[in-house]
Amino acid sequence: MSKDILSAASVTKNLGVRLIGRRVIYYPSVTSTNELAKQEARKGAVEGTVVIAGEQTVGKGRLSRNWLTPKGNIALSIILYPDLTHLHFLIMVASLAVVHSIEAVSNLKPEIKWPNDVLINGRKVCGILIESDVQGNRVNYAVIGIGINANLRLADFPELQPIATSLSDELGREVSRLNLVRRLLVEMDRLYSDLQAGKSPYDEWRDRLVTLGKRVRVKAGETVYEGIAESVAEDGSLMLRDAKSSLIKILAGDVTLRE
Ligand code: BTN
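How each quantity is defined
All residue numbers refer to positions counted from 1 along the written sequence of the respective chain. Since the coordinates come from a predicted model, pLDDT governs what is reported: local features require at least 70, and pairs of side-chain atoms require 80 or more to be given and counted, while whole-chain, interface and lining totals use all residues. Excluded from the side-chain calculation are hydrogens and water; included are all heavy atoms of the structure. Relative accessible area decides the class of each residue, using a 1.4 Å probe on protein chains only: under 20% of the type maximum gives buried, over 50% gives exposed, and in between gives partly exposed. Secondary structure is summarised from DSSP: a helix means a run of H or I of at least four residues, a strand means a run of E of at least two, and numbering begins at the N terminus for each. Strands are treated as partners if at least two bridges between them are detected by DSSP. The definition of a right-handed crossover adopted here requires that, viewed with the strands pointing away, the path from the first strand over the helix to the second runs clockwise. Distance and chemistry together define a polar contact, namely a pair of N or O atoms within 3.5 Å, with one atom able to donate a hydrogen and the other to accept it when in protein, and with adjacent residues in sequence counting only for side-chain atoms on both sides. By definition, residues are in contact when any of their heavy atoms lie within 4.5 Å.

A. Highlighting the pairing of strand β2 (residues 50–53). Taking every second residue as pointing to the same face, both faces of β2 are buried, with V50 and I52 on one and V51 and A53 on the other. Relative to β2, strand β1 (residues 24–27) is paired through 4 bridges, and the arrangement is parallel. Paired with Y26 across the two strands is I52, which belongs to β2. Read as a crossover between parallel neighbours, the route from β1 over helix α2 (residues 33–42) to β2 is right-handed. Pairing geometry for β2 and strand β5 (residues 74–80), over 4 bridges, is antiparallel. When the bridges of β5 are listed, V51 appears paired with S77.

B. Up close: the pairing of strand β9 (residues 138–148). Counted residue by residue, β9 has 10 buried out of 11 residues, so it is predominantly covered. In the sheet, β5 pairs with β9 via 7 bridges, with the strands oriented antiparallel. When the bridges of β9 are listed, S77 appears paired with G145. Of the strand pairs in this sheet, strand β8 (residues 123–135) and β9 are connected by 10 bridges, and their pairing is antiparallel. Residue S132 lies in a different strand from β9, and its bridge partner there is A142.

C. How the structure looks around unusual backbone geometry. Between W114 and the following residue, P115, the backbone shows a cis peptide bond with an omega angle of 0 degrees. Considering the arrangement of structural elements, one finds P115 in the loop between β6 (111–113) and β7 (117–120). Phi at N14 is positive, roughly 50 degrees, even though this residue is not glycine. When you line up the elements, N14 lands in the loop between α1 (8–12) and β1. One non-glycine residue, S245, adopts positive backbone phi at about 70 degrees. In this fold, S245 is placed in the loop between β12 (238–241) and β13 (247–250).

D. Up close: the side chain of D4. Relative to the assigned elements, D4 resides in the segment before α1. Only 2.8 Å separates the side chain of D4 from the backbone nitrogen of L178, close enough to count as a polar contact. Every residue in contact with D4, bar those within four places of it in the chain, is listed here: S176, R177 and L178.

Geometric descriptors of this kind do not, in isolation, establish any biological role.
Shown next as C-alpha cells:
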C-alpha cells in the first residue's frame, strides 16, 4: 500500500494554482467524494474547492455503476461554477488533465476512450463522473469526480482484470498519490483557465481519442449502436457511421471497442 501522506496541507503546499486546488478538503474515508462535493457546492464552497478521500466506501461510477476506491488509490472531486456554454468542455478538460498528469509522473502512454475513460494498454485506469445542477441558463454547480487506480492490485480483483488496470501494475512499482494529485490539480487549473480565456480543449481531446476510426458498439440508454466511430462534434458527441451508412450523433454512452 502507498505510504505517501495525502492531506490538505501536503496537496496545497506551494501548488501555485489560480483556482483549482486553492482549497482542499481531505477525508481519510468517505462514501463518495462527489456526494460530499455536491453538499459543499450547495453551501457555496469557493470555486476550485477539491474534496479528496483516502478511500471511498460507496464510490459512484457512470451509468449508476459502482466505483472501487480502496486505500492507496485516488478519489477526488472538484467544484466548479462554469458558464453553461462551457459545461460540455469539462469532460475534455478533465480527461486531458488526467492524461497529462500520468505522463508527467511516469513513462506510460495513456489514451482517452470516448467520452472520458482513460486507458493504458487498452484497460481502464481512470474514470470520470461529472455531475451538474443546471436551472435554465444557469449552472448552479458542476462537480468533476476523478477516480484513478493508482496502486490497485488487480490480482486482488480478478473480475476486473480483463477491463481494468492500475498505474502500479503497469509500472511494477508503487506510485506517489501526492505527486500525481498535485500534478493533476495543476493541469486542471491550467486547462480550465485556458477554457475561461476562450481556448477550447476540443482539438487536443479529439486528437487523443483512441476511439476514432475504430469499429465500436455504443450503449446509449436502452439503445445499442454499432458502426465506425467517425468523428466527434465540438459539443463532445460521437458521430457514428452505421451499417446503413447513416451518421448518428450520440451525446452520451458507453463504448466497447471492437476489432
Ligand atoms: C466511471 O464510471 O468511469 C466514472 C467513475 C468515477 C469515479 C470517481 S472517484 C471520485 C468521484 N467520487 C465518486 O463517487 N465517483 C467519482
